[in-house]
Amino acid sequence: MSPWHELENIVLNYKIFVDTSALMAPNSEKFFLDELRPLLLKYNKKVYIPRVVREELEKHKNVPEKSSSALKGIKIIEEYIGSNIADIRYEETDYIPDQVFQYIVSKFKLKYNLAFITNDKQLARDLRDQHSSLSVKTDKLLRIISIDLTGEPVIDAEQLKIDLYELGDISETPINISYIPEEGDEIRTLGQIYRLGRRVSEGGRVEYICSKVMRTLLLRFSYLKSSL
Amino acid sequence: MTSWKKFTLSIRGRLHEKEGVPCQDRVVGMSYGSFAALALSDGAGSASLSHIGSKIVTNTFLHFLKANFSEVYEKDSGYLQVIERIRYNLERQAKKFNVPVKEFSSTLIGLALNNEKLFFIHVGDGIAGFVDTSGAKVLSKGAKGEFDNETYFVTSEEAENTMVCLKDRTSENISAFFLMSDGASRILFDKKMNAFAPAFWKIMLWMDNCDYRCLKKIVGNSLKALPAHYIYDDFSIGVLKRVKYESVART
């Protein structure tokens, strides 16, 4: 699914919340005004913006280095309100956006699919942790949308990584040994005798470089101290 | 109408990083109209200029096939023509450097497509494969030497006798072709399960969702974050993924 189709799916099936960091991101107007707004209008949907987000932007407006980004964020919110595609929400217990978003996850994660537009990586991780907490399990989904430097959406960026369990099994068959090989020792393996060259690492694993005719070979010995 | 989206990535292994040795893998791709090609080469660790050798091998394959696809595809001796051309360029470079040609020793996995015609050649180790409606399949595991760590190079005398060659028509059911160096296949192909690892499928999925630059960054960063022993060897992968033009325009 392309990012655009995925965004369309999110607009249709998720409650969307907007964070200050996304509104202030470079080229965020491209995403909010050219990409998200047409979809919201097309499907008659709204995004939710906590009032504390607006208040935070007002504060940043007075900080010289953040002023222009904050003004851009305020302008986006005004455009959204003008197009009737934003709902500004406030509760008495709202203090700062991060706290509000975490409250939203705990309150609605059993009821709705939730999507947060934020460029704050730590907030994204916290929301993900809270959503996947084992004590309160849910079959509803959580999506995190960040905005890249060109103003394009990146969906679930923090999940764009490869985990060890997703890789092929590279473990070798263990054998019991009584002696850890040293530099200069002769090793019979892979059907041939090798003389161990320079030791390149040690610890729970010893690695030696051995030169052969065709290619450099890395011989690796993994061991547990208790097996010696 | 079909075109092919390409993705290529080479990462220097931790061992080479530690020793200050350049990445000896090289993978290049080209997608131009109905023609698309991928070439991957793994330079020999024992050869001092194999990082240059792998560049010559891949670039020669790509440009030679681009210029001579029909001739090479039709002729029985097409494979040898390709190998001879690569050797010629390697020897010319060896003369320039005044070193024996074996200092440029490198493997080759080369794949070229032209209007659903496939030309494939594999000298040495690594894995080539394709994805169709029933999953990912191995096209070739190449040829290794007597021992697990030995392989053949384009310059080896045994190259002609050990290389895997294929000329065929491709099916529309094939959605992607891919090449992996031995460093990549070690972690993306699970030998015990005889299947491609979930990480491979993740990269294929990311190809749909990310542009070329973004994908390079994501895959590169993911691999660099792995423990050192997972990528002690150079890692390289090349993918050609079929793109079908949809009639529904983005509104």
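Rules and cut-offs
Residues numbered from 1 in each chain as written. Chains lettered and ligands numbered in written order. Predicted model: local features only at pLDDT ≥ 70, side-chain atom pairs only at ≥ 80, totals over all residues. Heavy atoms only, no water. Helix = DSSP H or I, 4+ residues; strand = E, 2+ residues; numbered from the N terminus. Buried < 20%, exposed > 50% of the residue type's maximum accessible area, 1.4 Å probe, protein only. Contact = heavy atoms within 4.5 Å. Areas by Shrake-Rupley, 256 points an atom, 1.4 Å probe, with all protein chains shown as cover. Pairing = 2+ DSSP bridges. Axes fitted to C-alpha atoms, helices over the stretch in contact; angles between N-to-C directions. Salt bridge = Lys/Arg side-chain N within 4 Å of Asp/Glu carboxyl O.

A. Up close: the overall build of chain A. Secondary structure assignment for chain A yields seven helices and eleven strands. Residues classed as buried in chain A amount to 42% of the 228 residues present. Summarising the internal contacts of chain A: among those between residues at least 6 apart in sequence, 62% fall at separations of at least 24. Carbon and sulfur atoms provide 52% of the accessible area of chain A, an area that totals close to 12500 Å².

B. Broad picture of the environment of Arg26(B). All names here are of chain B. In this structure, Arg26 sits in strand 2 (residues 25-32). When its relative accessible area of 26% is taken as the criterion, Arg26 is described as partly exposed. The spacing of Arg26 and Ser106 is 80 residues in sequence and 9.7 Å in space, taken between C-alpha atoms.

C. Geometry of the sheet that holds strand 3 (residues 86-89) of chain A. Residue and element names in this part refer to chain A. Pairing is mixed in the open sheet, where six strands are placed in the order 3-2-1-4-5-6. Every interior strand has two partners, whereas the edge strands, strand 3 and strand 6 (153-155), have only one. Neighbouring strand axes in the sheet, compared pairwise and without regard to direction, differ in orientation by 25 degrees on average. Two elements, strand 4 (residues 114-117) and strand 5 (residues 142-147), share four bridges in a ladder whose sense is parallel. What sits directly across from Ala115, in strand 5, is Arg143. Along the sheet, helix 3 (residues 28-43) contacts strand 1 (15-18), strand 2 (47-50), strand 4, strand 5 and strand 6; its crossing angle with strand 5, the most-contacted strand, is approximately 135 degrees.

D. Representation of the sheet that holds strand 4 (residues 108-114) of chain B in the model. Residues and elements named next belong to chain B. Strands sit in the order 2-3-4-5-8 across an open sheet of five strands; the sheet is antiparallel. The sheet terminates laterally at strand 2 and strand 8 (164-169), the two strands that pair on one side only. Recorded for the sheet is a direction-independent mean angle of 5 degrees between the axes of neighbouring strands. Bridge count between strand 4 and strand 5 (residues 117-123): seven bridges; the pairing is antiparallel. Considered in strand 5, the bridge of Gly110 is made with Ile121. Contacting strand 2, strand 3 (35-42), strand 4, strand 5 and strand 8, helix 2 (residues 50-74) crosses the sheet at an angle of about 145 degrees to strand 3. Sheet strands touched by helix 3 (residues 78-97): strand 4, strand 5 and strand 8. Its angle to strand 5, the strand with the most contacts, is close to 55 degrees.

E. Molecular detail of the pattern of salt bridges. According to the stated counting rule, one finds 16 salt bridges over all chains in the structure shown. In this structure, Lys137(B) engages Asp132(B) in a salt bridge whose closest nitrogen and oxygen atoms are separated by 2.9 Å. Beyond isolated ion pairs, a larger network of salt bridges with shared partners links Arg54(A), Glu58(A), Lys61(A) and Glu78(A).

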